[in-house]
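Read off the chains here:
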Amino acid sequence: MRKTLIAIASLAVVLGGVGLAPAAFASSNGGTPDAAFNAAVGTSLPSVVSDIAVTPDGHIIVGGGGEEPTGYLKKFDSTGTEDTSFTTNVGSAFDGGVTSIALTSDGHIIVTGFFTGFLKEFDSTGTEVTSFATNVGSALVNYAPGIAVTSDGHIIVVEFICNGCGIKEFDSTGTEITSFATNVGSALYTAAFGVAVTADGHIVAGGLNGLLREFDSTGTEVTSFTTNVGSALDGDVNRIAVTADGHIIVSGYFTGFLKEFDSTGTEVTSFTTNVGNSIDAETSPVAVTPEGRIIVGGAFTTPRMYLAQFFDGPIAASSGPNIPTASLQAYAIGQSDTCTSNAPAWVNWQGIASQQFTSWSASWQQWPGNGAGG
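Residues numbered from 1 in each chain as written. Predicted model: local features only at pLDDT ≥ 70, side-chain atom pairs only at ≥ 80, totals over all residues. Heavy atoms only, no water.

K.L.:
What should I look at first to understand the side chain of R239 in this one?
P.N.:
Within the element layout of this structure, R239 appears in strand β17 (residues 236-242). Note on R239: relative accessible area 9%, which makes it buried. A distance of 3.4 Å separates the side chain of R239 from the backbone oxygen of S50, its partner in a polar contact. There is a polar contact of 2.3 Å between the side chain of R239 and the backbone oxygen of T99. (Helix = DSSP H or I, 4+ residues; strand = E, 2+ residues; numbered from the N terminus. Buried < 20%, exposed > 50% of the residue type's maximum accessible area, 1.4 Å probe, protein only. Polar contact = N/O pair within 3.5 Å; in protein donor to acceptor, adjacent residues only side chain to side chain.)

Below, the structure is given as structure tokens:
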């Protein structure tokens, strides 16, 4: 099994000495690297990172250990600083590596891996919910490389079982819903690793040899989705994430290493074009932030060591003094080098450039909304 190591990177845009006035602009940066929030993580990750999840308040849950004798579960804030009390609460809960993480609506953390029972639940502080593991019991016979949670709190698990592939469903207490696995049947023709749930309760699973399949909430395959995906993937799918608009982000070991599909299974080719050759090796864990950016980890060294952020599609026009940071980042990266007026007096994007433009106006009232320079 390929193993991936990650550190953490993000892009920061710092604005100073600017009086914010109403403005409106939009920028399309789908697939563009958003480099660098690494340093705070330091050496706090002890070994291989297998999966990441992002909480609604922007905290990052990281799990790993791979096939090692012990695993770990850690929590970082949006700056990359570890929540050490969380690590303390998790303690020695794992006697094997963590492979996948999912979050429930009440902030609990569902974890799969090589450990005893293969499926565990933790509350938001990192304390294990032991009754959950008891209910799971021996329902899983092998490790589970993928996991997702539905809107009603049910848990979808991709299990690496004896015939190579399978999906099971558990309710919020950890009790298996056996009819789901029956409906899936033999729809997965090879081993699956990644799984995600869409807003309408459908399940998307991916795995070896370009496998990408959609199932409804009962486990019945949506065959039109398979047809639309076609031959878009020429290698393995490792992980899957779903955006707020229902698009599907796929990481793995295929050409480009990162792709986007719409809700019907049709590839978003502009995203593939924008990613281009910016990633130089396999990607694995993938997550979407509350702002709609994509965090992906893997074995790559560009655009950043082991974990990087990418914009996801067009960023909506925003106005007024509370312009979202993501929009500022997108616009500054794409346009600030050509503007000569009506822009912030200072823009600093770490790892890319830092330059002061004293001729720029402190007012944003004329900040362009058509993508042209200022």
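K.L.:
What's the story with the side chain of K168 in this structure? I'm lost.
P.N.:
Among the secondary structure elements, K168 is positioned in strand β12 (residues 167-170). For K168, a relative accessible area of 17% translates into the label buried. Of the polar contacts made by the side chain of K168, one reaches the backbone oxygen of A139; its length is 2.7 Å.

K.L.:
I keep staring at the nonpolar core and nothing clicks. Help me out?
P.N.:
Side chains that are nonpolar tend, in soluble globular proteins, to be buried together. Ranked by size, the top nonpolar core spans 17 residues in total, and within it I110, L119, I147, I155, V157 and F170 carry the most contacts. Of all the secondary-structure elements, those providing two or more residues to this core are α2 (130-136), β10 (146-149) and β11 (155-158). Core analysis: the second largest hydrophobic core is formed by 16 residues, I249, F257, V268 and V288 among them. (Core = buried A, V, L, I, M, F, W, Y, C linked by side-chain atoms within 4.5 Å.)

K.L.:
What should I look at first to understand the packing of aromatic side chains in this one?
P.N.:
Two numbers describe a pair of aromatic rings. These are the distance of the centres and the angle of the planes. Evaluated as defined, the whole model comprises four aromatic pairs. Both rings, one in F114 and one in Y143, keep their centres 4.2 Å apart while their planes meet at 20°; by these two values the pair is stacked. Taken together, the residues F114 in the loop between β8 (109-113) and β9 (119-122) and Y143 in the loop between α2 and β10 connect sequence positions 29 residues apart. Ring geometry for Y253 against F257: centres 6.4 Å apart, planes inclined by 50°, an arrangement best described as tilted. Residue Y253 is classed as partly exposed on the basis of its relative accessible area, which comes to 44%. Members of the aromatic cluster, connected to one another through ring pairs, are F94, F115 and F122. (Phe/Tyr/Trp six-rings, centres within 6.5 Å; stacked < 30°, edge-to-face > 60°.)

K.L.:
Before we go on, may I ask you to explain unusual backbone geometry in this structure?
P.N.:
Negative phi is the rule for most residues except glycine; trans is the rule for most peptide bonds. Cis geometry is found at the peptide bond from T302 to P303, where omega equals 10°. For P303, the position within the fold is in the loop between β21 (294-298) and β22 (307-310). With phi around 70°, F118 is a residue other than glycine that occupies positive phi space. Inspection of the secondary structure puts F118 in the loop between β8 and β9.

K.L.:
Looking at this model, I keep getting lost on the environment of L103. Mind explaining?
P.N.:
Relative to the assigned elements, L103 resides in strand β7 (residues 98-103). Given the relative accessible area of 23%, L103 is considered partly exposed. For the pair L103 and V54, spaced 49 residues apart in sequence, the C-alpha separation works out to 8.3 Å. What L103 contacts, discounting residues up to four positions off in sequence, is A53, V54, T55, I61, H108, I109 and V149. (Contact = heavy atoms within 4.5 Å.)

K.L.:
Explanation requested: the pattern of salt bridges in the structure shown.
P.N.:
Pairing is possible between side chains of opposite charge, provided their charged atoms come close. Evaluated as defined, the whole model comprises five salt bridges. The salt bridge partner of E128 is K120, with a shortest N-O separation of 3.0 Å. Residue K120 is classed as buried on the basis of its relative accessible area of 11%. Residues R213 and E221 are paired through a salt bridge, measuring 3.4 Å at the closest nitrogen-oxygen approach. (Salt bridge = Lys/Arg side-chain N within 4 Å of Asp/Glu carboxyl O.)

K.L.:
Where do I start with the sheet that holds β12 in this structure?
P.N.:
Strand order in the open sheet made by the four strands is β10-β11-β12-β13, with antiparallel pairing throughout. In this open sheet, the two strands that pair with only one neighbour each are β10 and β13 (176-177). Across four bridges, β11 lies against β12 in antiparallel orientation. In the strand pairing of β12, I156 is matched with E169. (Pairing = 2+ DSSP bridges.)

K.L.:
What am I meant to see in the pairing of strand β15 (residues 203-207) here?
P.N.:
Looking along a regular strand, one sees side chains alternate from face to face of the sheet. The element β15 is extensively covered by neighbouring structure, given that five of its five residues are classed as buried. Residues of β15 alternate between two faces, with I203, A205 and G207 on one and V204 and G206 on the opposite face, all of them buried. Bridge count between strand β14 (residues 192-197) and β15: five bridges; the pairing is antiparallel. If you follow V197 over to β15, its bridge partner there is I203. Here β14 folds back onto β15, and the loop between the two strands holds five residues, one of which, G201, carries a positive phi near 85°.

Purely geometric numbers; function is a separate question.
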